[in-house]
Amino acid sequence: MKVLAFLVVFVGLTYGANHMCWSVDQISNEVVKLADKNKDGIIQQSELIDELLTDWNLDNGTCLSFHDFTRNWIDNFHDHHDTAHAFFNNLDLNNDKRLCLDDISVQLLKYDTNPTDGQIQPAEFNAFLHAVHPDSHQNGGRGHGC
Ligand SMILES: [Ca+2]
Ligand SMILES: [Ca+2]
């Protein structure tokens, strides 16, 4: 039994996974639900900033530390720590262990194509998440172990 537990942990650490077995699609839906405060089905940039400022403890109003990002991401979306870690690294383009609003906006804006309106439609966020989330290419977007 101990060996099995070890293997489960090891596989989780190696390949990443989600404690709730949420797929990348489910995580994407939950992010939109959480951020879309005015319930119009679209994430406005102001909503994204509000979400990160109010609830995720942005440092000086501009950047999230590695710890704050991963803690909030895991609390809200149930990824394993190593998955959240890998996700953070994918987003942290300049590798300074901080995730700043500019980093996030620049990457999200690439997916603002459907329509291009300065807002994030659910399909756009989904495309973004599939591009940057470590589980998107594993086990149908569920990571291993699900
Ligand atoms: Ca909205
Ligand atoms: Ca858009």
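Structure: above.
The sections below set out a description of the structure shown in this document. (Residues numbered from 1 in each chain as written. Chains lettered and ligands numbered in written order. Predicted model: local features only at pLDDT ≥ 70, side-chain atom pairs only at ≥ 80, totals over all residues. Heavy atoms only, no water.)

1. Section: the overall build of the protein chain
Here comes step 1: For the protein chain, the count of helices and strands is seven helices and four strands.
Here comes step 2: Counted from the first residue to the last, the protein chain has its helices and strands arranged as α-α-β-α-β-α-α-β-α-β-α.
Here comes step 3: Here the contacts in the protein chain between residues at least 6 apart in sequence split such that 58% fall between residues at least 24 apart. (Helix = DSSP H or I, 4+ residues; strand = E, 2+ residues; numbered from the N terminus. Contact = heavy atoms within 4.5 Å.)

2. What to know about unusual backbone geometry
Where the residue is not glycine, phi is negative for most of them; where a peptide bond is considered, it is trans in most cases.
Here comes step 1: Cis rather than trans, the peptide bond between Asn114 and Pro115 has omega equal to -5°.
Here comes step 2: For His78, which is not glycine, the phi torsion reads 65° and is therefore positive.
Here comes step 3: Unusually for a residue other than glycine, Lys97 sits at a positive phi of about 65°.
Here comes step 4: With respect to the helices, strands and loops of the structure, Lys97 is situated in the loop between helix H5 (81-91) and strand E3 (98-100).

3. Re the environment of Thr113
Here comes step 1: Tracing the chain through its elements places Thr113 in the loop between helix H6 (101-109) and strand E4 (119-120).
Here comes step 2: A relative accessible area of 56% places Thr113 in the exposed class.
Here comes step 3: Taking the C-alpha atoms as reference points, Thr113 and Ala123, separated by ten residues in sequence, lie 9.7 Å from one another. (Buried < 20%, exposed > 50% of the residue type's maximum accessible area, 1.4 Å probe, protein only.)

4. Here's the deal with the coordination of the calcium ion (ligand 2)
Here comes step 1: Within the first shell, the calcium ion (ligand 2) binds the protein through Asp112 (OD), Pro115 (O), Asp117 (OD), Gln119 (O), Gln121 (OE1), Glu124 (OE) and Glu124 (OE), at distances of 2.3 to 2.5 Å.
Here comes step 2: Spacing between the donor residues of the calcium ion (ligand 2) along the chain follows D-x2-P-x1-D-x1-Q-x1-Q-x2-E.
Here comes step 3: Given the relative accessible area of 23%, Gln119 is considered partly exposed. (Donors = N, O, S within 2.8 Å, 3.2 Å for Na, K, Ca; no water.)

5. So, the nonpolar core
Here comes step 1: Counting residues in each nonpolar core, the largest one holds 28 residues, and the members touching the most others are Phe69, Trp73 and Phe125.
Here comes step 2: Of all the elements in the fold, those that place two or more residues in this core are helix H2 (24-35), helix H3 (45-55), helix H4 (66-77), H5, H6 and helix H7 (122-132).
Here comes step 3: A per-element tally of this core places H2 first, with five residues. (Core = buried A, V, L, I, M, F, W, Y, C linked by side-chain atoms within 4.5 Å.)

6. As for the state of the cysteines
Here comes step 1: Evaluated as defined, the whole model comprises one disulfide.
Here comes step 2: The partner cysteine of Cys63 in its disulfide is Cys100, sulfur to sulfur 2.0 Å. Here the disulfide of Cys63 and Cys100 is right-handed, its torsion about the S-S bond being about 100°. Taken together, the residues span a long stretch of sequence, with Cys63 in strand E2 (residues 63-65) and Cys100 in strand E3 at a distance of 37 residues. (Disulfide = S-S within 2.5 Å.)

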